[in-house]
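Reading the structure
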Amino acid sequence: MDYQDLTVKELQQALQSGACTSEEVTRALLQAIETEDTAIGGYVSVQPERALQQAQAADRARREGQAASLCGIPGAIKDNLCTKGVATTCSSKMLEHFIPPYNATVVERLQAQHMVTLGKANMDEFAMGSCTENSAFQITHNPHDLSRVPGGSSGGSAAIVAAGLAPFALGSDTGGSVRQPASLCGVVGFKPTYGMVSRYGLIAFGSSLDQVGVLSRTVEDCAVVMDAIAGHDERDATSLAAEKPAFEQSLTGGVKGMKIGLPDEYFAQGVSEEVKQSVLAAAQRFEQMGAVVEPCSLPLTPYSLPAYYLLACAEASSNLGRYDGVRYGMRADVTDDWEEMMIQTRTQGFGPEVKRRIMLGTFVLSAGYYDAYYKKAQQARTLIRQDFQKAFDRFDLLLTPTSPTTAWEIGGKVDPLSLYAADICTVAVNIAGLPALSLPCGKDAQGLPIGMQLMGRPGSDAQILRVGHAYQQQYPGFLRPVHQGGAQ
């Protein structure tokens, strides 16, 4: 049995039937990580002893009849989610030696089910990037082509799942950081409604935009993980108080009679022809499955990218002010001048992209510029939300590309603006607090994955997963990359 090929559901069945133990699965995946991740760089750290102890505890729980849904299932955690006793670095020198004294709520909930944590996934520093080239420690490579990026900022999580080095991984999504790498790596990526999953213990980038999400090979696996991590958390003031859906149970049923909109603006200039045609082909498949698919318009879409970067950078400037060399994290070796110590700490501790966004955010929040930039971006945010509300008066879901292009070569985009433009299809979802799902829908001429995105109104998370699952039942999209041992 090749455990790298198994989904979460398949592992569940194998463990329940006694065909394998969690310890056997964990040992096999740890061996695969040791062999294969040197080339990929998906994990920024691996904790083999801890993982094996968790696997053994899961096997004991199963023998005692206390097996929860994810009992004994291995997974990876993005390195901006706090893990008690294990370094949580945000792939930054600033937090290189930070060991949290507590777990993030999502980690706590997974551990309560005896899930096995294989390690922490690499990412763009402080989740700022679309390529996972901005990590202070290593570049992550796309398993489909090691010369290309996996996307970002959750590129490590996406690459790990694509390569079969974990059946699922947690990521975070501030402007597309789960969905865009899912698209580029050919896996499923889900960004829930804002507040559906607790942000407690997620190291903040943009607090009004951040959301913990799931990367997996199938929509069904995503629903299983969502059942474990979603739900109200009193430690997160933005957590939704409403009862969470039963995600896996909601997967039954097709798409017959559903109305799906195709926003013109998401198929405009900048979206490659191959991506466009793949998503339109998926739209035709939805029609064949019984859905009604019609064009529509979201006229304020062009404003989403500038509004997002103003809002996100402003919040980053505020959130990252805590890294001053005094309280925790890195401290520069300057003892005779407090102000110089702080300057050198931030100079040495932050990478170029983080500094760029802090400076931009500080500028738009400064006296004389607040009204001209930040206030206008907030007003644009309100209008963009209204734009979506009008569309959802007509449609159940919206279908768009996830990324305007497939994966580009590492080092191929050096202009920050060209990298920011890679988020054009995803940022509006975060601005409006919507749920959205990326799933594979084709490949380009070079064999690189293409992803499509399903967006829904706030709270329609279960519906989106049901539609994505129905699609995958008829059009399976995930295949492990050839060079990793899978067949295509």
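Refer to the structure above for everything that follows.
Below is a summary of the structure that appears in this document. Since the structure is predicted, the reported quantities are computational estimates derived from the model, not experimental observations.

Quick notes on the pairing of strand S6 (residues 212–216)
Regular strands place their side chains on alternate faces of the sheet. Counting buried positions along S6 yields five of five residues, so the element is predominantly enclosed. Side chains Val212, Val214 and Ser216 project from S6 onto one buried face, and the interleaved Gly213 and Leu215 project onto a second face that is buried too. Bridge count for strand S4 (residues 168–172) against S6 is five bridges, and the pairing is antiparallel. Paired with Leu170 across the bridge in S6 is Val214. Pairing of strand S5 (residues 188–191) with S6 involves three bridges; the strand directions are antiparallel. For Val188, the partnering residue across the bridge sits in S6 and is Ser216.

A word on the nonpolar core
By size, the foremost hydrophobic cluster in this structure holds 138 residues, and its most contacted members are Phe126, Leu170, Met226, Ile229, Phe286 and Phe388. With seven residues, the next largest nonpolar core counts Leu184, Ala407, Trp408 and Leu419 among its residues.

As for the packing of aromatic side chains
Inspection of every chain in the model, using the stated rule, returns 15 aromatic pairs. Taking the centre distance of 5.4 Å and the plane angle of 45° together, the rings of Tyr102 and Tyr200 count as tilted. On the criterion of sequence distance, the pair formed by Tyr102 in the loop between strand S2 (74–78) and helix H4 (105–112) and Tyr200 in the loop between S5 and S6 is long-range, its members being 98 residues apart. Given a relative accessible area of 31%, Tyr102 falls into the partly exposed group. Note on Tyr200: relative accessible area 27%, which makes it partly exposed. Ring centres of Phe363 and Tyr373 lie 5.8 Å apart, and the angle between their planes is 50°; on these two criteria the pair is classed as tilted. On the criterion of sequence distance, the pair formed by Phe363 in helix H11 (residues 352–365) and Tyr373 in helix H12 (residues 370–394) is long-range, its members being ten residues apart. Here Phe363 falls in the partly exposed class, since its relative accessible area comes to 35%.

Re the sheet that holds strand S3 (residues 116–121)
The strand order S1-S3-S2-S4-S6-S5-S10-S11-S9-S7-S8 describes an open sheet built from eleven strands, whose pairing is mixed. The outermost strands of the open sheet, each flanked by one partner alone, are strand S1 (43–46) and strand S8 (292–296). With direction set aside, neighbouring strand axes in the sheet form an average angle of 30°. Examined bridge by bridge, S1 and S3 share three bridges and lie antiparallel to one another. Bridge pairing in S3 links Val46 to Gly119. Contacting S1, S2, S3, S4 and S6, helix H5 (residues 155–162) crosses the sheet at an angle of about 165° to S4. Packing of helix H8 (residues 273–288) onto the sheet brings it into contact with strand S7 (259–263), S8, strand S9 (397–401), strand S10 (436–443) and strand S11 (449–456), and relative to S11 it is tilted by some 55°.

Here is what the cut-offs are and how they apply
- Residues numbered from 1 in each chain as written.
- Predicted model: local features only at pLDDT ≥ 70, side-chain atom pairs only at ≥ 80, totals over all residues.
- Heavy atoms only, no water.
- Buried < 20%, exposed > 50% of the residue type's maximum accessible area, 1.4 Å probe, protein only.
- Helix = DSSP H or I, 4+ residues; strand = E, 2+ residues; numbered from the N terminus.
- Pairing = 2+ DSSP bridges.
- Core = buried A, V, L, I, M, F, W, Y, C linked by side-chain atoms within 4.5 Å.
- Phe/Tyr/Trp six-rings, centres within 6.5 Å; stacked < 30°, edge-to-face > 60°.
- Axes fitted to C-alpha atoms, helices over the stretch in contact; angles between N-to-C directions.
- Contact = heavy atoms within 4.5 Å.

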